[in-house]
Each structure stands twice: as C-alpha cells, then as structure tokens.
Amino acid sequence: MNGSIMIKCEPFSEEVELLNRLVANDEHQQQQQEQEQLQDQELRTFCTYKLKLADDTIALLESQAIDIECLRKMRLEDVDVLFDGKPLGPKILFREAFLEWREEIGLPCKSLRWLSTHKRSAESEDSADSQASQPKRAPSSSGPTVAALLWDECTQQQQSSLLPQEKDSLSNRVPPVSYQSFRWPMTPVTLKDILNSSTLGRNILAVGELGVLSKSMQCQLTAIIIAYHMEFETKLSTPQLENYAYCISTLLPHENPLSYHIPRGPNRRNPGGSLYSRFINQKISQKALAIVVAAVRVMSSGMKKFGDLIGSIDEGTSSARFILFKAETAEVVCFHQKELRQIYPQEGWVEQEPQEILAVVQECIAKTIEKLRELGGDPATDIVAVGVTNQRETTIVWNRETGEPLYNAIVWLDMRTASTVDQLLETVPNKTKNKDYLKPICGLPLSPYFSAVKLRWLMDNVPKVKAAIRAGNCLFGTVDTWLIWNLTGGPAGGVHVTDVSNASRTMLMSLESLAYDKTLLKFFDVPVEILPSIRSSSEVYGLISFEPLRGIPLSGCLGDQQSALVGQECLMRGKAKATYGTGCFLLYNTGTARIDSSHGLLTTVAYQFGPEEPPVYALEGSVGVAGAALGWLRDNMNLMASVSESEALAKTVPNNGDVYFVPAFSGLYAPYWNQEARGVICGITEDTKRGHIVRAALEAICFQVRDILDVMNSECGTPLVRLKVDGGMTINESMMQWQADLIGLDIQRPTFVETTALGAAMVAGRAVGKWDIENVSVESKCTEFRPAISEDERDMRYSKWKMAIERSFGWESNTL
C-alpha cells in the first residue's frame with residue numbers, strides 16, 4: 001500500500017474510492033518545499049505546486065477567472081458558492097489548502113469557530129423562514145445537548161487550574177467551545193480546533209501519529225466524531241463517514257499501512273454500533289462517552305515480541321535507572337542503573353550537578369535500549385509510553401534560552417536554608433513566627449525541606465539567578481520538570497511542566513485548587529513566570545525528542561514516594577506504604593479528603609489519574625535519614641566496608657545492648673520538625689561493640705517509622721493492620737523483622753521491591769490506554785514479617801527511644 005491507508009465502511013460502497021484518493025500520500029513533498037516562493041506567479045503553477053490542487057479544481061478556478069489576488073480576498077462563503085453542486089472531495093481539499101496558505105501569508109480567514117458562532121448569533125434574529133434553512137439536527141430534550149455538555153465540561157475543567165487573571169484573559173480571547181459552533185462537513189482545521197479546545201483533545205494531538213494512538217484515545221477520538229455528527233444528523237451516510245476519516249487521517253498521519261475501520265449500526269438511531277446504543281439507552285455519564293464509545297478501530301500492524309512496553313525513568317537521590325515493564329503485568333523486561341554523585345560544599349550542604357543527572361538518565365535509557373535490542377525487541381514499536389518519577393524537593397534553576405543550569409541542584413535534604421526559614425518566619429503576620437502559618441493552604445510547615453525555601457535562597461544568594469529572572473530567562477523546576485523539559489526538546493521547544501504530586505511539595509500550590517496560590521507566591525516573592533505549569537499525574541505532556549525514544553509519548557509523572565504508593569496499589573482510603581531508601585517515607589491514602597494534621601504530618605497530593613479525574617490526597621511522614629545513616633557509618637566512621645554488610649554485623653550481637661542512635665544529622669523531620677536537633681548515640685558502655693552501633697542505626701529507622709504510624713493512626717481514625725514496604729533497604733530481612741516487632745504490625749514486602757519505578761510506568765501506561773490501573777492488579781507474592789516480641793517489651797524499648805530523642809533537641813540553640 002506504500003504507506004497509504006484504506007478506509008472500510010459498513011456497508012462498503014464504491015464511494016470509498018473517492019476517500020482513498022483524498023488520503024493518498026503526498027508524493028511531491030520535496031517539490032512543495034522547492035516551490036515555497038511561488039506565491040506571485042501565474043495561477044496554474046501556484047495551485048499545482050503550492051496548494052497541491054487537482055486539475056479539475058484548477059480548471060474550475062480558471063473558468064471563474066479567479067487569480068491569485070482573488071484568492072487573497074476570498075472568504076469561506078465564497079468557497080461554498082464556488083463549489084456549489086460540485087463533488088465534496090475536491091471542495092474539502094481546496095478549503096484545507098486555502099486556509100493553510102492564508103494563515104501562512106498572514107491573511108488568515110476568520111476561524112470556522114468564529115464565523116459559525118457569529119453567524120448563528122445573526123441568524124437567531126432572522127425570520128422563521130431563515131431558521132428553517134438550518135441543517136437538520138438530532139431531536140433533543142430541552143437544554144444543552146450531550147456533546148455540548150461534554151465539551152463545555154472539558155473547557156471548564158481546563159480553566160479551573162488557571163489563575164484568575166488567566167481565566168479573564170482566556171474568556172476575553174475566545175468564545176466557549178460547543179459543537180453547535182460548527183457546520184458539516186468537517187475539515188482537518190475544524191477537527192484541530194475542536195481537539196485543541198480540551199485537555200482530552202490536546203492529548204490526542206500530542207501523540208501525533210494515528211498508528212500509535214492507544215485504544216483509549218481511539219475511543220475518545222471516536223466520541224468526538226459521533227458527538228459532532230449527532231448535533232446535525234440522525235443518520236451517518238457513507239460520504240460523511242469518509243469525510244470524518246479523511247479529516248482524522250490528515251490531521252494524524254500514519255507511519256505504517258493500517259486499515260481504519262468505521263463500524264455501522266443496525267439502524268439510523270444507532271450510528272456508532274452497540275456501545276453507542278448502550279450510551280443512548282442507558283444514559284450513562286458524559287465522561288463515559290469520551291472513554292467508552294468505540295465506533296473507530298485502528299488495526300495494529302505487525303506483532304511485538306514483548307507486547308506493549310512502558311518505560312520508567314526512576315531518578316533517585318543516589319542513583320537513576322530506566323526500566324521497561326510489560327504493560328499491565330509489571331514484568332520487567334530489562335533495565336539499567338547508575339549511581340549519582342553528590343557534592344558537599346559545606347557542612348549541611350548537599351548538591352548535585354543537573355547536567356550530570358540528565359546525562360546519567362540518558363545513559364540508562366541508551367543502555368536499556370541496547371539490552372532490549374539484544375533480546376530481540378524493537379524500541380520504535382514496542383515502547384508505547386514513558387513515565388518519570390523523581391526525588392521530589394530537589395531544586396534546579398536554569399536558563400530557558402541555553403538550557404544551562406544557573407546553579408547546582410540543591411538536594412532535598414540540604415540544610416543551608418535554615419537561616420532563610422528564620423527570615424521568612426519574621427514576616428509572618430503579628431510576629432508569631434508560626435511555622436504552620438501556610439499549612440492551611442499548602443499542607444506544609446515552613447522548613448528547609450521544601451522547594452520554595454530553596455528557590456528563595458537561590459534568588460537571594462546567586463547573582464546569575466537574579467540576572468536571569470530580571471532578563472526573563474529563568475526557569476525553575478524540581479527534577480521531574482528538568483528531565484521532562486530536556487527530554488521533550490530543551491531550548492528547542494521543551495515542555496515546562498510538573499505534576500500535582502511534585503507541585504504539592506513546593507509550598508507554592510494550593511491543595512484545594514491545584515494551582516499556584518497568590519498568597520504563597522507573595523509570601524515567598526516568587527514570580528509565577530519562572531514556574532512550570534501544573535498538570536495531572538497521568539496525561540501526555542509531550543513527545544520525547546531524542547534517540548532512541550524519539551516520538552514516544554512522555555505521559556506520566558509522580559514524585560518518588562507517591563509513585564511507590566501507586567506501585568504498591570495503595571489506591572483505597574486507609575492503605576499505607578513505607579519506602580526505605582536514603583530517607584524513609586510513609587504515605588497513608590486519605591482518598592479525596594484532605595486531612596489537616598495537628599501532630600506534624602504533611603498533607604500532600606498522592607496522585608491525579610488524568611486532568612478530568614479528582615485528586616487523591618495522603619498524609620505523609622518523612623524520616624530524613626534512613627539508609628544515609630548506614631552510609632555515614634561506612635564513610636565517616638569506617639565501621640564497615642559496604643552497606644550490604646550491615647545485616648551481618650548487626651546479627652553478631654544478640655540485642656541492641658541498650659544502645660540508641662538518633663541520626664538527626666540535619667534536624668528531625670516528622671512528627672517533630674525540629675531543625676535544631678542533632679545526632680546522638682546513647683547508652684554506650686565498655687561492652688558496646690561495632691555490631692551494637694550498626695544495629696542501633698537500623699533500629700533507629702524502625703523507631704522513626706513507629707513515631708509516624710502512631711500519629712497516623714490517631715489522626716485518621718482507622719488504625720492500620722499491616723504495612724506495605726518497598727525500597728532498597730527492605731532486602732535486609734533482620735531489619736524488616738525488627739520493624740514488625742517495634743510497630744506491632746504485620747509487614748508485607750513484595751517480591752519486586754522497586755515499586756517506585758513501577759508506579760510511574762502505571763500512570764504513563766494509563767494515559768495512553770495501555771494500563772487499566774483501577775481494574776488490573778499487579779500485586780505479586782509477598783514475604784510477610786509478623787511481630788515476635790511482647791507488647792511490654794515493645795513499649796519499654798520505645799520509651800528509651802523517646803528519651804534519646806529528647807537528648808537530641810536544642811544543640812544548635814544551646815537550650816538543653
């Protein structure tokens with residue numbers, strides 16, 4: 001078929017030949033480029049090489065004495081008159097070429113949307129005879145039609161995330177979108193306008209190729225065509241089906257020969273088949289129309305060795321990895337991982353080089369693709385989407401024109417901003433120095449932990465950042481934003497976005513509106529122009545622009561802890577997980593309800609599975625130092641050669657020897673939020689051995705988890721009965737048993753512990769219709785650890801831990 005597509009309609013008719021001519025591939029693309037400057041030459045040359053018109057159409061223009069100057073002045077109404085009584089196909093091709101050319105030379109016609117909206121307004125004042133000449137519409141009840149409601153709803157949801165001034169600007173710029181604003185026949189320009197009017201439609205456009213549209217997007221695109229049609233007609237004719245298919249295939253070209261099948265219903269009231277009939281008869285929700293209606297089927301060509309694969313970029317504090325999962329089975333096909341270097345310019349300062357982060361991620365992708373090819377896979381066809389998960393509060397600023405970082409990335413556990421927090425507390429009204437002053441808006445206390453404080457430090461202390469902001473060239477983002485911007489083009493059109501889970505950790509986003517809040521922006525004095533736009537966790541943000549993933553949708557984003565919550569399938573209210581890595585983080589799913597903690601926990605966005613889905617919230621407790629304590633024992637104290645030795649060393653002693661270690665190297669996080677605390681080791685005697693210190697470090701993580709769980713149980717009202725765990729440290733079975741002992745709960749550890757990467761793959765797959773998160777479980781076999789000590793022993797050991805905590809307070813302020 002040489003790259004062309006065949007349109008099949010039921011019943012099949014000889015009119016299909018017309019459509020096949022309409023959608024035939026352009027064999028003169030090179031000639032078109034060579035003739036870009038022929039706008040002032042004679043009509044036939046201009047129409048042949050510039051507008052690509054057929055001889056019959058050119059002859060029609062010549063017969064009416066229409067020259068190039070006439071084309072410059074022609075209106076859309078003139079096109080209708082010119083082709084009155086003529087075949088539909090040539091008219092569609094001419095109108096498309098005509099509109100594109102007028103736009104290109106700076107003399108655009110008013111859009112179809114504008115013309116139709118204003119024409120309808122004028123027509124409403126005409127006589128009844130004039131109204132009777134309007135196109136026939138499907139019978140409907142009083143009030144807006146289903147299609148109008150659907151697309152008005154999409155528009156409202158799109159605008160709900162805008163700041164008030166942006167909403168005002170938008171409302172003054174374009175009229176509300178409704179299918180009632182358009183006329184049949186549809187054109188590619190009309191379809192593009194309609195798709196651009198909603199987030200759903202923009203996702204379809206972002207994919208760019210009809211051949212790689214997911215099943216979900218095929219259904220959504222079908223809903224658009226059917227809803228458009230039902231505004232005007234009660235029966236789909238073969239020419240109309242061909243017209244719609246032509247518009248789709250023109251706007252979303254094919255790379256591979258495909259058969260584009262449009263089924264016909266058994267009667268005139270059922271133009272879209274049984275699923276559409278079910279929608280009509282059962283009156284299911286408008287949302288279901290956009291997802292369920294399936295009147296268009298795209299037949300995939302060729303077989304994939306591994307089926308559909310979803311890539312996950314998992315960029316953590318100490319390493320980055322790229323993993324390829326089989327869609328919906330969560331089976332790992334291949335992966336590559338590489339460590340990341342950390343920089344310590346001063347005590348308490350932790351940095352990373354942004355370009356190194358990007359380079360390591362790109363290397364992991366390249367190595368993984370090499371392994372896929374060695375296994376017989378093809379990245380061009382097998383990989384259908386990529387997601388990103390990342391260390392969250394780590395802050396990066398860079399130049400939008402060059403892509404060069406303006407400073408090293410300030411890592412989430414960096415403590416340099418303690419003085420910045422003090423300065424900000426001085427600005428709290430009434431001089432209360434209340435660190436929870438902003439918590440009702442963003443869910444977070446003032447702490448060096450969060451991105452807005454780090455950004456404020458950069459603006460105050462780095463001249464290059466100040467200059468870039470003044471020049472309008474500065475961009476801010478957390479690591480997810482930095483990676484997405486670079487992977488989708490960087491200075492050459494990179495997408496500057498973040499998702500709600502990462503934005504909720506900046507202290508700049510309102511948990512209620514999921515948009516940047518004016519009060520927060522004013523408090524931190526941050527210009528909104530440097531901030532990324534906030535999107536849902538599961539939607540197409542853009543296409544990757546570099547090999548070997550060029551053209552693949554980047555369609556999922558979650559902060560690492562939220563990603564682990566999704567990967568552990570803690571998708572119902574009352575489920576919780578703990579991730580053990582450099583730090584340790586507990587998230588408790590609170591559903592669509594935001595619970596404001598009064599005991600030091602954070603209210604955060606867990607995820608949002610699409611721009612039209614409601615956000616789900618969580619309570620979070622953060623342990624600043626978990627695996628980092630073992631690294632300190634290895635690097636600073638030389639108590640072991642590698643972290644992997646920690647379990648064996650801890651098992652050389654029968655108990656902890658009454659030694660308690662509080663690793664508050666840079667203060668304590670939840671539930672204490674005491675930045676002046678410092679590390680202490682209590683209970684050392686002459687009998688204390690190396691094994692006791694290592695075991696105390698491991699037990700410190702377990703005790704801090706209990707600190708958080710006690711608060712979660714009291715504030716959520718539904719105590720946990722088991723805790724799901726993941727992360728690299730969970731391979732230490734002794735520590736997992738001690739964790740069960742010290743919290744008195746069963747511990748469930750999945751066979752596959754890297755659920756952080758899995759969560760990002762799941763939301764990316766969901767966005768392109770390849771992963772049904774809500775209905776397809778990926779739970780694997782779990783290892784369970786049950787408590788093996790008495791309640792009395794558990795409480796006695798915990799009381800000594802609390803004594804050690806008290807001894808860690810006040811070291812910086814000398815208030816012991």
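Residues numbered from 1 in each chain as written. Predicted model: local features only at pLDDT ≥ 70, side-chain atom pairs only at ≥ 80, totals over all residues. Heavy atoms only, no water.

- By the naming in an unreviewed UniProt entry, the protein chain goes by Probable glycerol kinase and is assigned to Anopheles albimanus.
- As its UniProt record puts it under Catalytic activity (unreviewed entry), the protein chain is described as follows: "glycerol + ATP = sn-glycerol 3-phosphate + ADP + H(+)". (UniProt positions renumbered as here; feature names shortened; annotations may be inferred.)

### Some words on the packing of aromatic side chains
Move 1: A full pass over the atoms with the stated rule returns 24 aromatic pairs.
Move 2: On the basis of an interplanar angle of 65° and a centroid distance of 6.0 Å, the ring pair of Tyr672 and Phe809 is categorised as edge-to-face. With Tyr672 in the loop between strand E20 (660-662) and strand E21 (680-682) and Phe809 in the segment after helix H33 (791-808), the pair connects residues that are 137 residues apart, well separated along the chain.
Move 3: Ring pairs connect the aromatic residues Trp412, Tyr449, Phe450, Phe585, Tyr669 and Trp673, which therefore count as one cluster.
Move 4: Its end group placed over the ring of Tyr617, Arg594 keeps NZ or CZ at 5.6 Å from the ring centre.
Move 5: Stacked on the ring of Tyr798, the Lys or Arg Arg706 has its end atom at 4.1 Å from the ring centre. (Phe/Tyr/Trp six-rings, centres within 6.5 Å; stacked < 30°, edge-to-face > 60°. Helix = DSSP H or I, 4+ residues; strand = E, 2+ residues; numbered from the N terminus. Lys NZ or Arg CZ within 6 Å of the ring centre and 35° of its normal.)

### Some remarks on the confidence of the model for the protein chain
Move 1: Averaged over all residues, the pLDDT of the protein chain equals 76, while 73% of them reach at least 70.
Move 2: In the model, residues 111-182 has pLDDT below 50 throughout and makes 107 contacts with residues more than four positions away in sequence or in other chains. (pLDDT = per-residue confidence, 0-100. Contact = heavy atoms within 4.5 Å.)

### A word on helix H18 (residues 354-374)
Move 1: The terminal C-alpha atoms of H18 lie 31 Å apart, and with 21 residues this matches the ideal 30 Å at 1.5 Å per residue to within 8%.
Move 2: The complete set of buried residues in H18 reads Pro354, Ile357, Leu358, Val360, Val361, Cys364, Ile365, Thr368, Ile369 and Leu372.
Move 3: A side-chain oxygen of the first residue of H18 lies 3.0 Å from the backbone nitrogen of Gln355; this N-cap is Glu353.
Move 4: Two residues or fewer past H18, Gly376 is found with a positive phi of approximately 95°. (Expected span 1.5 Å × (residues − 1). Buried < 20%, exposed > 50% of the residue type's maximum accessible area, 1.4 Å probe, protein only. Polar contact = N/O pair within 3.5 Å; in protein donor to acceptor, adjacent residues only side chain to side chain.)

### Comments concerning unusual backbone geometry
Move 1: Of note, the bond from Glu547 into Pro548 is cis; its omega dihedral lies within 30 degrees of zero at 10°.
Move 2: Positionally, Pro548 belongs in the loop between strand E14 (538-543) and strand E15 (553-559).
Move 3: Unlike most non-glycine residues, Ala65 shows phi in positive territory, near 60°.
Move 4: Following the sequence through the fold, Ala65 ends up in the loop between helix H4 (55-63) and helix H5 (68-73).
Move 5: Its identity is not glycine, yet Asn430 carries a phi of approximately 65°, on the positive side.
Move 6: The topology assignment puts Asn430 in the loop between helix H20 (418-425) and helix H21 (439-442).

### Observations concerning the nonpolar core
Move 1: Core analysis: the largest hydrophobic core is formed by 111 residues, its most contacted members being Phe524, Tyr580 and Leu723.
Move 2: Of the residues forming this core, the biggest block, 15 residues, is contributed by helix H30 (residues 690-716).
Move 3: Among all residues touching Tyr580, those that are not within four sequence positions of it are Ile701, Val705, Leu723, Val725, Asp726, Gly727, Gly728, Met729, Thr730, Met735, Met736 and Gln739.
Move 4: In terms of nonpolar packing, the next biggest core, distinct from the first, is built from 39 residues, Val360, Ile365, Val495 and Ile544 among them. (Core = buried A, V, L, I, M, F, W, Y, C linked by side-chain atoms within 4.5 Å.)

### Structural notes on the packing of H30 against helix H31 (residues 733-743)
Move 1: The N-to-C vectors of H30 and H31 enclose an angle of 40°; their axes lie 9 Å apart at closest approach. With respect to H31, the element H30 is oriented oblique. When you trace H30 past H31, the crossing you get is right-handed. Along the contact surface, H30 presents Arg695, Leu698, Glu699, Ile701, Cys702, Phe703, Val705, Arg706 and Leu709, while H31 presents Met735, Trp738, Gln739, Leu742 and Ile743.
Move 2: Looking at the contact of H30 with H31 residue by residue, the classes come out as 10 nonpolar, one polar and three charged. (Axes fitted to C-alpha atoms, helices over the stretch in contact; angles between N-to-C directions. Parallel < 35°, antiparallel > 145°, perpendicular 65-115°, else oblique. Left-handed = near helix turned anticlockwise from the far one by under 90°. Nonpolar A, V, L, I, M, F, W, Y, C, P; charged D, E, K, R; others polar.)

### Description of H20
Move 1: Residues Thr420, Val421, Leu424 and Leu425 constitute the buried set of H20. On an axial view of H20, the arc spanned by its buried residues comes to 140°, and they lie on one face. (Arc of directions from axis to C-beta.)

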